Amino acid sequence: MTLELITFDLDDTLWDTAPTIIKAEATLRDWLALHAPALGEFPREASLAIRTRLVAAEPGLQHRISALRRLVLLHALREAGYGDPEAERLADESFEVFLHARHQVELFADVRPMLDLLSTDYTLGVVTNGNADVRRLGMMNYFKFALCAEDLGIGKPDAAPFLEALRLGGAAAQRAVHVGDHPVDDIAGAQRAGLRAIWYNPQGKAWEHEHTPDAEIQSLSQLPQTLKTL
């Protein structure tokens, strides 16, 4: 059956996420040290403690990671003694500093050549649990749509994001493939919605989960040929 729609995860599929987040958090801490000195160093452990507390009180926040990060900053600023108007302003500004830095990603070398090739033959889309925005990255020209868990209120591995991708892409599940690095969120989630799933596994890890991917690639340059075999 002819494939029509290819959807992609973003973080750790089109770029290496950890170095970007580490740098973004360092940029955020430097900004806070200058503009919100009463907060102190605000170590990662303190941020995680507030995050855990907020998610326990409102579980839906786990799928709204931008809102959650801003709330963490707001609560931390309030606890440091800033009044509401100032805390709100500082939370907004500091989050935008983080978000800008979070988008300073370095695409894997084979991403653009692969997208250039595939976009001529398939409809492409994004299904991500993260808060990276391909519009801010200047990549929206490749994609018909970009779905974020934060916008939907639910994330992978739930079938809902993939079903919405099928609707927006105008394709039946049998004619769609999802590409991602996460065995559960990407592979199991896509298969649960009826799509086929290709595991991006650049480190050559062993598969340790129940449902196997429909295909596996270690380089995105392998994707065009792999799609032809499905």
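This section reports on the structure supplied with the text. Everything quoted here is computed from the prediction, not taken from an experiment.

How each quantity is defined
- Residues numbered from 1 in each chain as written.
- Predicted model: local features only at pLDDT ≥ 70, side-chain atom pairs only at ≥ 80, totals over all residues.
- Heavy atoms only, no water.
- Helix = DSSP H or I, 4+ residues; strand = E, 2+ residues; numbered from the N terminus.
- Polar contact = N/O pair within 3.5 Å; in protein donor to acceptor, adjacent residues only side chain to side chain.
- Contact = heavy atoms within 4.5 Å.
- Buried < 20%, exposed > 50% of the residue type's maximum accessible area, 1.4 Å probe, protein only.
- Axes fitted to C-alpha atoms, helices over the stretch in contact; angles between N-to-C directions.
- Parallel < 35°, antiparallel > 145°, perpendicular 65-115°, else oblique.
- Left-handed = near helix turned anticlockwise from the far one by under 90°.
- Nonpolar A, V, L, I, M, F, W, Y, C, P; charged D, E, K, R; others polar.

### Here's the deal with the side chain of Ser66
Argument step 1. Relative to the helices and strands, Ser66 resides in helix α3 (residues 65–79).
Argument step 2. One polar contact links Ser66 to Asn131, side chain to side chain, over a distance of 3.0 Å.
Argument step 3. With residues near it in sequence (within four places) discarded, Ser66 still touches Phe95, Asn131 and Glu150.

### Topic: the environment of Asn131
Argument step 1. Position of Asn131 among the secondary structure elements: in the loop between β2 (123–128) and β3 (145–148).
Argument step 2. Along the backbone, Asn131 and Ala149 are 18 residues apart, and their C-alpha atoms lie at a distance of 8.3 Å.
Argument step 3. Excluding its chain neighbours within four sequence positions, the residues that come into contact with Asn131 are Ile65, Ser66, Leu99, Arg102, His103 and Glu150.
Argument step 4. Polar side-chain contacts of Asn131 include one of 2.7 Å to the side chain of Arg102.

### Topic: the environment of Gln222
Argument step 1. Among the structural elements, Gln222 can be located in the loop between β6 (215–217) and α9 (223–229).
Argument step 2. Its relative accessible area of 38% is what places Gln222 among the partly exposed residues.
Argument step 3. Taking the C-alpha atoms as reference, Gln222 lies 13 Å from Arg112; in sequence the two are 110 residues apart.

### As for the packing of helix α1 (residues 17–35) against helix α4 (residues 84–102)
Argument step 1. One way to put it is that α1 packs onto α4 with a least axis distance of 8 Å and a crossing angle of 150 degrees. It follows from the interaxial angle that α1 and α4 lie roughly antiparallel. In this structure, α1 meets α4 at a crossing whose hand is right-handed. Note on element contacts: α4 touches α1 through Leu90, Glu93, Ser94, Val97, Phe98, Ala101 and Arg102, opposite Thr20, Ile21, Ala24, Glu25, Thr27, Leu28, Trp31, Leu32 and His35.
Argument step 2. For the contact of α1 with α4, a count of residues per class yields 9 nonpolar, 4 polar and 3 charged.

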